[in-house]
Amino acid sequence: MKKFLSAVVSAAIILSSANIFPAFAAEKYGSDINIVLLGDSISEGYDLKESEYNYGQIIADYLDGTVSNYSKAGDETIDTLSKVSTASDLSDADVVIISTGSNDLIHYSSNFLLHMFAEINALNDGYTADDIPEKPTFSEMMKMVNTDAVKDFASSLTNQIAINREMQILRVNLTMKKTEDKNNKYDCIIDTQVIPNIEKIVSEVKTINPNARIIVQTVYNPLQLDETYLENLSSSYSTLLQNIFIPIFDSVTTEYRKRIMELDGVEIADIYSDFASTDANNNNYSWYFTGIQDSNIKEFKIHPNQAGHIAIATDILNIIGEKNEDGGLLNLTYERLKNKENYPAAALEDYKKIEGTYCVGDVNNDMIIDAKDASEILSIYSTLSTSGTITLPESIQKAADINLDKFIDSKDASEILAYYSYASTGETGSYKYFKNNK
């Protein structure tokens with residue numbers, strides 16, 4: 001699970017001219033279940049820190065299984081489809097998780113918006129309409145856009161109406177259903193591109209492995225922001241976001257969700273609903289699960305943060321339906337969240353359904369597996385050796401019995417110290433990963 005190696009592999013992919021996903025070793029946390037991820041930057045874990053975990057890793061750790069992640073940032077549905085035939089682990093998969101489609105929407109939208117901004121002379125110096133990529137990312141779009149020029153243009157009500165008119169055209173191009181007798185002037189991206197490709201992905205997966213459970217994710221709306229955050233923006237930005245961009249993107253992601261829900265022969269992880277959790281004042285919480293409010297809005301960090309990956313993992317684990325009392329990474333990553341007191345209520349309710357009662361190795365329950373836990377084990381062992389009895393909560397007993405031999409002794413302490421030594425060198429693998437790959 002070494003993320004450095006993952007980065008090297010990603011670099012090799014980018015530099016390679018071959019359109020084939022290379023073979024790689026699955027991350028092993030046990031042997032109970034085999035999981036395969038197909039998708040884009042969301043399932044890849046793009047923008048996570050070195051010490052953080054994507055939801056595939058959290059799920060595999062929780063289920064004592066293996067995970068093979070064939071996801072790549074920037075991939076559209078057509079790219080995900082091309083990976084199916086080369087994903088060597090698919091034939092042995094128990095669960096296949098598909099997270100794709102967001103880049104189809106992002107690339108089309110970014111191209112459309114850049115041309116709109118070019119029309120109103122709101123590109124940065126050095127850029128013209130001829131420089132607009134065919135499939136720009138949001139980051140590329142924000143690099144090219146002169147946000148001050150957009151703000152000035154949007155200060156006029158007439159211009160706001162003009163922008164809204166263009167945004168409505170974008171919405172229709174994305175969400176309209178294609179028919180033979182009308183609407184042919186629109187591109188209908190979800191209907192003609194995204195859904196057909198996902199259906200082909202599902203069909204090919206079923207051909208390779210008819211027994212695998214297939215879980216398809218919906219797409220969240222990244223433009224759901226805290227009211228206080230919006231109030232601190234300039235009035236032009238706030239007006240554009242609240243009255244035009246946020247409603248349009250919510251309309252698009254809602255339609256995408258509807259179409260995903262209509263897929264046959266798959267189970268649906270409704271990420272849209274969890275990320276769109278609301279509080280008592282009906283404020284949406286998508287911002288909590290991304291990094292969009294943690295930095296300058298021009299950076300446009302829209303990928304799931306650690307809380308977001310916990311929410312996605314929770315959704316999928318509840319669908320799989322296998323409760324594990326050893327919460328492992330799921331518990332550890334949640335408890336380590338700096339602002340978990342703000343974790344949205346609806347998503348928290350889903351988390352509580354699946355959280356474990358202990359974590360193997362975390363004997364003192366401080367969410368870190370280190371020498372202190374080894375000392376706790378030795379203290380328990382000393383007491384047992386002298387008096388022969390000690391009353392311990394069941395959760396502590398299970399956390400301390402590292403080698404599962406029904407005894408708490410120096411062997412367990414040694415195992416903890418071995419893991420602690422491994423982690424101290426900068427490795428970020430979980431205890432289960434260490435145990436199954438040492």
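Shown above is the structure to which this text applies.
Residues numbered from 1 in each chain as written. Predicted model: local features only at pLDDT ≥ 70, side-chain atom pairs only at ≥ 80, totals over all residues. Heavy atoms only, no water.

**Section: the pattern of salt bridges**
The full count for this structure, using the stated rule, is 14 salt bridges. Here R259 and D191 are joined by a salt bridge, their closest N and O atoms 2.9 Å apart. Taken together, the residues span a long stretch of sequence, with R259 in helix α11 (residues 235-261) and D191 in helix α9 (residues 189-208) at a distance of 68 residues. Here E262 ties to R259 by a salt bridge, and the two come within 3.4 Å at their closest N and O atoms. Salt bridges sharing common partners tie together D61, D64, D326 and K432. (Salt bridge = Lys/Arg side-chain N within 4 Å of Asp/Glu carboxyl O. Helix = DSSP H or I, 4+ residues; strand = E, 2+ residues; numbered from the N terminus.)

**Section: the environment of E335**
Relative to the assigned elements, E335 resides in helix α14 (residues 328-335). The exposure class assigned to E335 is partly exposed, which follows from its relative accessible area of 29%. Between the alpha carbons of E335 and D366 there is a distance of 8.9 Å; along the sequence they are 31 residues apart. When near neighbours in sequence (up to four residues on either side) are disregarded, E335 contacts K340 and M367. (Buried < 20%, exposed > 50% of the residue type's maximum accessible area, 1.4 Å probe, protein only. Contact = heavy atoms within 4.5 Å.)

**Remarks on the packing of helix α5 (residues 102-119) against α9**
With their axes 10 Å apart at the nearest point, α5 and α9 run at an angle of 145 degrees to one another. When the axes of α5 and α9 are compared, the crossing they make is right-handed. Contact residues: α5 offers D104, L105 and Y108, while α9 offers I189, I190, Q193 and V194. Residue composition of the contact of α5 with α9, by class: five nonpolar, one polar and one charged. (Axes fitted to C-alpha atoms, helices over the stretch in contact; angles between N-to-C directions. Left-handed = near helix turned anticlockwise from the far one by under 90°. Nonpolar A, V, L, I, M, F, W, Y, C, P; charged D, E, K, R; others polar.)

**A word on the packing of helix α16 (residues 371-387) against helix α18 (residues 410-424)**
Orientation of α16 relative to α18, taken along the N-to-C sense of each, is 175 degrees, at an axis distance of 8 Å. When the axis of α16 is compared with that of α18, the two are roughly antiparallel. Seen from α16, the contacting residues are A371, D373, A374, I377, L378 and Y381; seen from α18, they are S410, D412, A413, I416, L417 and Y420. A class-by-class count of the residues in the contact of α16 with α18 yields nine nonpolar, one polar and two charged. (Parallel < 35°, antiparallel > 145°, perpendicular 65-115°, else oblique.)

**Concerning the pairing of strand β5 (residues 213-217)**
Of all five residues that make up β5, four are buried, and the element is covered over most of its length. Sheet topology places strand β4 (residues 95-99) next to β5; four bridges connect them, and they run parallel. Looking across to β5, one finds that V95 is bridged to R213. Examined bridge by bridge, β5 and strand β6 (residues 267-269) share three bridges and lie parallel to one another. Bridge assignment links Q217 to a residue of β6, and that residue is A269. (Pairing = 2+ DSSP bridges.)

**What to know about the environment of I377**
Turning to its location among the elements, I377 is positioned in helix α16. Along the primary structure I377 and I416 are separated by 39 residues, whereas in three dimensions their C-alpha atoms are 9.2 Å apart. Ignoring sequence-local partners within four residues, the contact set of I377 consists of V363, A400, I402, I408, D409, D412, A413 and I416.

**A few points about a negative patch on the surface**
Taken together, the side chains of D32, D92, D94 and E322 present a region of like negative charge at the surface. One can find D32 in the loop between β1 (27-28) and β2 (34-39). (Patch = residues over 30% accessible without salt bridge, like charges linked within 9 Å, V, L, I, M, F, W, Y side chains within 5 Å. Areas by Shrake-Rupley, 256 points an atom, 1.4 Å probe, with all protein chains shown as cover. Lys, Arg positive; Asp, Glu negative; His and termini not counted. Charge placed at Lys NZ, Arg CZ, Asp CG, Glu CD.)

**Regarding the packing of aromatic side chains**
Applying the stated criterion across every chain, the model contains 15 aromatic pairs. Here Y29 and Y433 contribute two aromatic rings whose centre-to-centre distance is 5.7 Å and whose plane-to-plane angle is 55 degrees, an arrangement assigned as tilted. Highlighted residues: Y29 in the loop between β1 and β2 and Y433 in helix α19 (residues 431-437), separated in sequence by 404 residues. The buried category is assigned to Y433, whose relative accessible area is 12%. An angle of 85 degrees between the planes, with centres 5.6 Å apart, marks the rings of F289 and Y343 as edge-to-face. Here Y343 lies in the loop between α14 and α15 (345-354) and F289 lies in the loop between α12 (271-275) and α13 (306-320), a separation of 54 residues in the sequence. When sorted by exposure, F289 lands in the same class as Y343, which is buried. (Phe/Tyr/Trp six-rings, centres within 6.5 Å; stacked < 30°, edge-to-face > 60°.)

**Considering the sheet that holds β2**
If you trace the six strands from one edge of the open sheet to the other, you get β1-β3-β2-β4-β5-β6, paired in mixed fashion. Taken across any chain shown, the strands that pair with only one partner, and hence form the sheet edges, are β1 and β6. Across the sheet, α9 touches β2, β4 and β5, and the angle it forms with β5 is around 165 degrees. Docked against the sheet, α13 engages β4, β5 and β6, running at close to 145 degrees with respect to β5.

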